[in-house]
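Each chain, written out:
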Amino acid sequence: MFGGKGGVGKTTASAATALHFARRGRRTLIISSDLTPSLSDIFETEIGPVEQPIPGVENLYGLEIDPDEVMRRWKEKFGPEVYAAASALVDLPYDEVVDYVAMAPGIQEEFMLDYILERIRDHRYDLIVWDTAPAGDTLRLLGLPQRFLEHLRVAPKVYLEVRDTFKLSRTPFLEIIESWKQLSEQTIRFFTDPENVEFIMVTIPEALGVYQSRRVMRDLRRHGLTVRYLIVNDIIREPDCEFHRQRWEMQQRYLRQLREELDGHLTLVELPLLPYEVKGVERLAEVERHLFS
């Protein structure tokens, strides 16, 4: 998983990493869950909500998650049992019932994680690289399974009261709640196990990037995720004018700060500022060389 604030180069770093492992024979899927995904732009090919091969790179596949597609699959997976349970309480059309339940807080995000886990469970890929949404959205997403679980722990009491009030012989919702609890628990276990997931932070050597990275790494630890790699992007290597010299001095202050604070705790990977846009496989290959040199 690649995370960080918007505009620091998460997509570039994640795409170059996916390219690296695909070229070494590992069947790799790169996923973007950003609401404004840019995988299509960086690979210069149309990538959408259906997994497809990246032209010119063997073993590499791309997927831009569409929230509407996630919900469509949720309705396909859970719609019939939700309706069967709800029809014991209300007499409404199928679509109205399922759409109403699908709007419950946290359901879309919870099942986006499940959607990604399905790509992992089917074992068609050796590695999945996830270009996550900007930091705040990603932290919210990672915190949802636990909050969803807390909600579901209270839900049986509510539905048992409904059953008693309406004198129903059974409440099928209890079975659904139990299955969703198991799903949330599995999600939490998977994403907090370092054997399964590596979370890589990406930042730039400027105040906002560095300070937010600190906060995000602190929050990730609260979710049970430890960051072992921090990529610092857009570093000026050889300042050749007064403007670049001033920028270089500013960047060096933040780099020294990061090295002192993080020494021994994680690996700092430095990416130089490049004189061109990183678009297409050839340019991504140069970023790959810097990341894995």
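Residues numbered from 1 in each chain as written. Predicted model: local features only at pLDDT ≥ 70, side-chain atom pairs only at ≥ 80, totals over all residues. Heavy atoms only, no water.

(A) Molecular detail of the overall build of the protein. In terms of regular secondary structure, the protein is built from ten helices and eight strands. Among the 293 residues that make up the protein, the fraction classed as buried is 46%. Restricting the contact set of the protein to residue pairs at least 6 apart, pairs at least 24 apart contribute 72%. (Helix = DSSP H or I, 4+ residues; strand = E, 2+ residues; numbered from the N terminus. Buried < 20%, exposed > 50% of the residue type's maximum accessible area, 1.4 Å probe, protein only. Contact = heavy atoms within 4.5 Å.)

(B) Inspection of helix 9 (residues 242-262) at higher detail. For helix 9, spanning 21 residues, the distance from its first C-alpha to its last is 30 Å, which sits close to the expected 30 Å at 1.5 Å a residue. Buried within helix 9 are the following residues: Met 250, Gln 251, Gln 252, Tyr 254, Leu 255, Leu 258 and Leu 262. Packing partners of the buried residues in helix 9 comprise helix 8 (207-222), strand 7 (227-235) and strand 8 (267-272). Phi for Gly 264, located one or two positions after helix 9, is positive at around 85 degrees. (Expected span 1.5 Å × (residues − 1).)

(C) Focus on the confidence of the model for the protein. Averaged over every residue, the pLDDT of the protein is 82; residues scoring 70 or more account for 81%. Mean pLDDT in the protein bottoms out at helix 6 (residues 135-166), which sits at 52, and peaks at helix 1 (residues 10-23), which reaches 97. Scored below 50 in pLDDT, residues 154-160 shows eight contacts in the model against residues more than four places distant or in partner chains. (pLDDT = per-residue confidence, 0-100.)

(D) Spatial organisation of the packing of helix 1 against helix 10 (residues 281-292). Following both chains from N to C, one finds helix 1 and helix 10 inclined at 85 degrees, their axes separated by 8 Å at the closest point. Classified by the angle between their axes, helix 1 and helix 10 sit roughly perpendicular to one another. On helix 10, the residues that touch Thr 12, Ala 13, Ala 15, Ala 16, Thr 17, Leu 19, His 20, Phe 21 and Arg 23 of helix 1 are Val 281, Leu 284, Ala 285, Val 287, Glu 288, Leu 291 and Phe 292. By residue class, the composition of the contact of helix 1 with helix 10 is eleven nonpolar, three polar and two charged. (Axes fitted to C-alpha atoms, helices over the stretch in contact; angles between N-to-C directions. Parallel < 35°, antiparallel > 145°, perpendicular 65-115°, else oblique. Nonpolar A, V, L, I, M, F, W, Y, C, P; charged D, E, K, R; others polar.)

(E) View of the nonpolar core. Of all hydrophobic cores here, the largest spans 34 residues; its most connected members are Ile 65, Phe 191 and Met 201. If we skip the residues at most four places from it in the chain, Met 201 touches Gly 3, Gly 4, Ser 213, Val 216, Met 217, Leu 220, Val 227, Tyr 229, Leu 230 and Ile 231. (Core = buried A, V, L, I, M, F, W, Y, C linked by side-chain atoms within 4.5 Å.)

(F) Region of interest: the pattern of salt bridges. Enumeration over the complete set of coordinates arrives at 15 salt bridges. A salt bridge links Arg 23 to Glu 288, with the nearest nitrogen and oxygen atoms 3.4 Å apart. Of this pair, Arg 23 sits in helix 1 while Glu 288 sits in helix 10; the two residues are 265 residues apart in sequence, bridging distant segments of the chain. On the accessibility criterion, Arg 23 (47% relative accessible area) is partly exposed. Judged by relative accessible area, Glu 288 falls into the buried class, the value being 6%. Between Arg 124 and Asp 122 there is a salt bridge, with its nearest N and O atoms 3.3 Å apart. Among the residues examined, Asp 122 registers a relative accessible area of 32% and is labelled partly exposed. Where salt bridges share partners, they join Glu 51, Glu 118, Arg 119, Asp 122 and Arg 124 into one cluster. (Salt bridge = Lys/Arg side-chain N within 4 Å of Asp/Glu carboxyl O.)

(G) Quick peek at the packing of aromatic side chains. For the structure shown, the criterion picks out five aromatic pairs. On the numbers, 5.8 Å between centres and 85 degrees between planes, the contact of Phe 21 with Phe 292 is edge-to-face. Here the residue Phe 21 occupies a position in helix 1, and Phe 292 occupies one in helix 10, the gap between them amounting to 271 residues. Plain terms: the ring middles of Tyr 61 and Tyr 125 are 5.7 Å apart, the flat faces sit at 65 degrees to each other, and that makes the pair edge-to-face. In this pair, Tyr 61 is assigned in strand 4 (residues 60-64) and Tyr 125 in the loop between helix 5 (107-121) and strand 5 (127-131), connecting sequence segments 64 residues apart. (Phe/Tyr/Trp six-rings, centres within 6.5 Å; stacked < 30°, edge-to-face > 60°.)

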